Amino acid sequence: MTATPDPLAHARPQPWAAAVLRLFGWRTDLPPPSASKVLLIVYPHTSNWDFLWGILAKWAVGWPARWLGKHTLFLGPTGRLLRHWGGIAINRSEPSGFIKGLMREIDALDTLILAVTPEGTRGYVDHWKSGFMRIARAADMPVGLAYIDYKRRVVGVLEYMQLTGDEAADMAHIAAAYADVTARCPEKAGVIRLRTDSLGK
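Residues numbered from 1 in each chain as written. Predicted model: local features only at pLDDT ≥ 70, side-chain atom pairs only at ≥ 80, totals over all residues. Heavy atoms only, no water.

Observations concerning the pattern of salt bridges
For clarity, the threshold we go by: Salt bridge, as used here: a side-chain nitrogen of Lys or Arg that lies within 4 Å of a carboxyl oxygen of Asp or Glu. Comment: elements are numbered from the N terminus, with helices defined as DSSP H or I runs of at least four residues and strands as E runs of at least two. A simple rule labels every residue: compare its accessible area, found with a 1.4 Å probe on the protein chains alone, to the largest value its type can have, and call it buried under 20%, exposed over 50%, or partly exposed in between.
Counted according to the given criterion, the structure contains 2 salt bridges. Arg 137 serves as the salt-bridge partner of Glu 167, at 2.7 Å between the closest nitrogen and oxygen. Linking Glu 167 in helix α6 (residues 167–177) with Arg 137 in helix α5 (residues 131–139), this pair joins segments that are 30 residues apart in sequence. Between Asp 149 and Arg 152 there is a salt bridge, with its nearest N and O atoms 3.2 Å apart. Under the relative-accessibility criterion, Arg 152 is labelled partly exposed at 41%.

Remarks on the sheet that holds strand β1 (residues 27–29)
So the rule is basically this: One requirement defines pairing of two strands: DSSP has to find at least two bridges between them. Note on method: axes are straight lines fitted to C-alpha atoms, helices fitted across the in-contact stretch only, with angles between N-to-C directions ranging 0 to 180 degrees. Here, residues are in contact when the closest pair of their heavy atoms is within 4.5 Å.
Strands sit in the order β1-β7-β6-β2-β5-β3-β4 across an open sheet of 7 strands; the sheet is mixed. The strands lining the two open edges of the sheet, one partner per strand, are β1 and β4 (87–90). The mean inter-strand angle of the sheet, taken between neighbouring strand axes irrespective of direction, is 25°. Sheet analysis places β1 next to strand β7 (residues 154–161), joined by 3 bridges and oriented parallel. Each bridged residue has a counterpart across the sheet, and for Thr 28 the counterpart in β7 is Val 155. Lying on the sheet, helix α2 (residues 49–61) is in contact with β1, β3 (66–70), β6 (143–149) and β7; it crosses β6 at an angle near 120°.

What to know about the packing of aromatic side chains
As a reminder of what qualifies: Stacked, edge-to-face and tilted are the three classes for Phe, Tyr and Trp ring pairs, Trp counted by its six-membered ring, which pair at centre distances within 6.5 Å; planes under 30 degrees apart are stacked, over 60 edge-to-face, the rest tilted.
Taken as a whole and judged by the stated rule, the model has 12 aromatic pairs. On the basis of an interplanar angle of 45° and a centroid distance of 5.6 Å, the ring pair of Trp 16 and Trp 59 is categorised as tilted. Of this pair, Trp 16 sits in helix α1 (residues 15–23) while Trp 59 sits in helix α2, and the two are 43 residues apart along the sequence. With centroids separated by 4.9 Å and ring planes inclined at 20°, the aromatic side chains of Trp 26 and Trp 53 adopt a geometry described as stacked. Here Trp 26 is found in the loop between α1 and β1, whereas its partner Trp 53 is found in helix α2, with 27 residues between them in sequence. For the residue pair Trp 26 and Trp 53, the accessibility class agrees, reading buried in each case. Members of the aromatic cluster, each reached through a chain of ring pairs, are Trp 16, Phe 51, Trp 59, Trp 67 and Trp 85.

Following this line, the structure appears as structure tokens:
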């Protein structure tokens, strides 16, 4: 019987990053991924500070996590650095084409921890983008409910869940799980629901 590849087999925790988090009163609560390939949705995303605490947490525990960011972030001299830190540029004007290319990359890998922000922006939105569901279903990846909680100062994962195919029920479960997580700017936290015309697509 072939052993399931461990996405944390090459984890390299960085004590200095953990020390920086502790210095500012932050900690991590990151249970190991439940499968060899996992999609992390990070919510809420309301501030540029989210990236700082998130990347420090990634380094602190040594997870080889990749993350999606809008392509404009990768322009200029910082692009190479962001890619080195695990960033993958996404052009939201071509979502379907990007997802097809991403799926080819996912299929070619033995392990993957991929983080996305389903709100798609730091400003308030009245629904999430459905791309994370399309990716998770196509790759048969469990979804990790990741968060950055400013009230408790914790970067963590609430749970890993397998999507059921019932999008309304899955979104209701996700909304209930995030109920007690506090954003840096709570008024900007997006509503945890999909746009009605995207359900089933």
